[in-house]
Amino acid sequence: GLRRGLLQAGAGECAREIRPLVKEVVELEHLQAYLQWMRRLQQLSSQIESHLLTGSLSAAVEAHSQLDTLCSALKPSKCTHLQRFAAATQQHWSQQLRERLSNAFSEILKEFKWPFTSSVSSKTLDLWDKQQSRFSELFHLLLLLDEGPSPSPPPGVPPTLTDHVILPIELLLEPLRKRFKFHFYGEKKTNSKEKPEWYFTQVSAWIRDHTHFLENRIQPLLQVSALSHVDARLEFIRGLLQETEAKLLHDLPSVVYNDLLMSHLVDELLLFEKELRMVLGYPRPHTSLLHVLLDEVPLHKWLSLEKGFAVERLSAITSSPSAWQPAYASLEGADETRVPECTEGLMQLIAGITSQSLELAVPRLAR
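Everything numeric in this text was worked out from a predicted model, so none of it was measured.

Conventions and cut-offs
Residues numbered from 1 in each chain as written. Predicted model: local features only at pLDDT ≥ 70, side-chain atom pairs only at ≥ 80, totals over all residues. Heavy atoms only, no water. Salt bridge = Lys/Arg side-chain N within 4 Å of Asp/Glu carboxyl O. Helix = DSSP H or I, 4+ residues; strand = E, 2+ residues; numbered from the N terminus. Buried < 20%, exposed > 50% of the residue type's maximum accessible area, 1.4 Å probe, protein only. Core = buried A, V, L, I, M, F, W, Y, C linked by side-chain atoms within 4.5 Å. Contact = heavy atoms within 4.5 Å. Axes fitted to C-alpha atoms, helices over the stretch in contact; angles between N-to-C directions. Parallel < 35°, antiparallel > 145°, perpendicular 65-115°, else oblique. Nonpolar A, V, L, I, M, F, W, Y, C, P; charged D, E, K, R; others polar. pLDDT = per-residue confidence, 0-100. Patch = residues over 30% accessible without salt bridge, like charges linked within 9 Å, V, L, I, M, F, W, Y side chains within 5 Å. Areas by Shrake-Rupley, 256 points an atom, 1.4 Å probe, with all protein chains shown as cover. Phe/Tyr/Trp six-rings, centres within 6.5 Å; stacked < 30°, edge-to-face > 60°. Lys NZ or Arg CZ within 6 Å of the ring centre and 35° of its normal.

**Details of the pattern of salt bridges**
A side chain with one charge may pair with a side chain of the opposite charge, provided their charged atoms come close.
Logical step 1: For the coordinates displayed, the defined rule picks out 12 salt bridges.
Logical step 2: A salt bridge links Arg233 to Glu215, with the shortest nitrogen-to-oxygen separation between them at 3.4 Å. With Arg233 in helix H7 (residues 232-255) and Glu215 in helix H6 (residues 197-223), the pair connects residues that are 18 residues apart, well separated along the chain.
Logical step 3: With its nearest N and O atoms 2.4 Å apart, the salt bridge here joins Lys301 to Asp259. Of this pair, Lys301 sits in helix H9 (residues 296-319) while Asp259 sits in helix H8 (residues 259-278), and the two are 42 residues apart along the sequence.
Logical step 4: Under the relative-accessibility criterion, Lys301 is labelled buried at 17%.

**A closer look at the nonpolar core**
Logical step 1: Among the nonpolar cores identified, the biggest contains 84 residues, and Phe105, Phe112, Phe135, Ile169 and Ile218 are the most heavily contacted of them.
Logical step 2: Here this core gets 10 residues from one element, more than from any other, and that element is H6.
Logical step 3: The contacts of Ile169, once residues within four sequence positions are left out, are Ile218, Ala232, Glu235 and Phe236.

**Focus: the side chain of Thr244**
Logical step 1: With respect to the helices and strands, the residue Thr244 is situated in helix H7.
Logical step 2: Judged by its relative accessible area of 0%, Thr244 falls in the buried class.
Logical step 3: With sequence-adjacent residues up to four places away left out, Thr244 is seen in contact with Phe180, Tyr199, Phe200, Val203 and Leu289.

**Concerning the packing of H8 against H9**
Logical step 1: Contact pair H8 / H9: the axes reach a minimum separation of 10 Å and the direction vectors enclose 95°. By the angle between their axes, H8 is roughly perpendicular relative to H9. Packed against H8, whose contacting residues are Asp259, Met262, Ser263, Val266 and Leu270, the element H9 presents Pro298, Lys301, Trp302 and Leu305 at the interface.
Logical step 2: The residue inventory of the contact of H8 with H9, partitioned by class, reads six nonpolar, one polar and two charged.

**Notes on the confidence of the model for the protein**
Logical step 1: Overall, the prediction assigns the protein a mean pLDDT of 83, with 81% of residues at 70 or greater.
Logical step 2: Throughout residues 362-367 the model reports pLDDT below 50, and contacts reaching past four residues in sequence, or to other chains, amount to eight contacts.

**Considering a nonpolar patch on the surface**
Logical step 1: A cluster of nonpolar side chains, contributed by Leu314, Leu346, Met347 and Ile350, occupies part of the molecular surface with about 330 Å² of accessible area.
Logical step 2: Residue contributions to the nonpolar patch peak at three residues, all from helix H10 (residues 341-358).
Logical step 3: Secondary-structure assignment places Ile350 in helix H10.

**What to know about the packing of aromatic side chains**
Logical step 1: For the structure on display, the rule yields 13 aromatic pairs.
Logical step 2: Note on Trp114 and Phe236: the rings are 6.3 Å apart at their centroids and 75° apart in plane angle, and the pair reads as edge-to-face. Taken together, the residues Trp114 in the loop between helix H3 (80-111) and helix H4 (122-145) and Phe236 in helix H7 connect sequence positions 122 residues apart. Take Trp114 and Phe236: they sit in the same class, and that class is buried.
Logical step 3: Among the aromatic residues, those joined into a ring-pair cluster are Phe105, Phe112, Trp114, Phe116, Phe135, Phe139, Phe213 and Phe236.
Logical step 4: It is Lys188 that lies over the ring of Phe182; its NZ or CZ is 4.3 Å from the centre.
Logical step 5: Lying across the ring of Tyr185, Lys247 places its NZ or CZ 4.9 Å from the centre.

**So, the side chain of Arg233**
Logical step 1: With a relative accessible area of 12%, Arg233 lands in the buried category.
Logical step 2: In this structure, Arg233 is in contact with Thr211, Leu214, Glu215, Leu280 and Gly281, ignoring residues within four places of it in sequence.

Structure follows, in structure tokens:
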């Protein structure tokens, strides 16, 4: 027992002596790992810089992808300084690569006269064919670089207007966004609150003018990428609707208290929505612009206008001298039921109100 006690005491003394050494070894291992992470970050940073200097954009994006992977691997780490350094490095090269790729992409777009002002001409397609290989390369590099504020919805889930537009399509939209702001804000004559149809018509024209190119030149590039589920034309439309939504939200506060302006805006928005769905093929699961009317103030105003119109129309129907005369007396064989004019007018009024409410993607309002 004595010998055993002496051995235990000796072991305890030895453990106390070794413990600081073990701690020091662990700290050195952590420091070594820290330095290895730093070295790898610096290596990738140097590689990206070198590739950019030599114009090797594809290799630069590949190195950037490795940098992204490295940053993701560091997320569980407790080394906050290392995480911040990695994030700053990644952000810096993301900006540099995006700027370089965007400039190269925009130069090609200028060469074949993008954006189009009418249907695509054969000359434009010839110019496109000459640049197709380079355009395709840049398109796919932009997709690899794309880092929106939120991930794209999975296949089968329609994106909302708040979801970011994929980077190559966003670059296609950039000159159109600039033109929209130029014409429909500020002191321009085209910026008229009395004429919201001007910007609705312009957006419709841009969609029609670019549909063929998007479907036949851009969609095939997406089909061979990781985003094959994305529809180029719908993504393009969604980007234009983002701009249109911003314009509506900008104008509504100064329009909502004017009965004539508000009534006209609602009518034009409903017509645009109908064209968007029935003519331009924007599917109903995708959100559009009617939601801007569903905030408390514009919705209350809209309902008030609809009620006023309905009451006025109903009064005109019932006070007509021929209100109780057969509605179709002038048509041979069409008046067997002898439906009076006021009944027919009331049914038309109800049908019109119902048609408008059904356009809303809000069940409680569309019932």
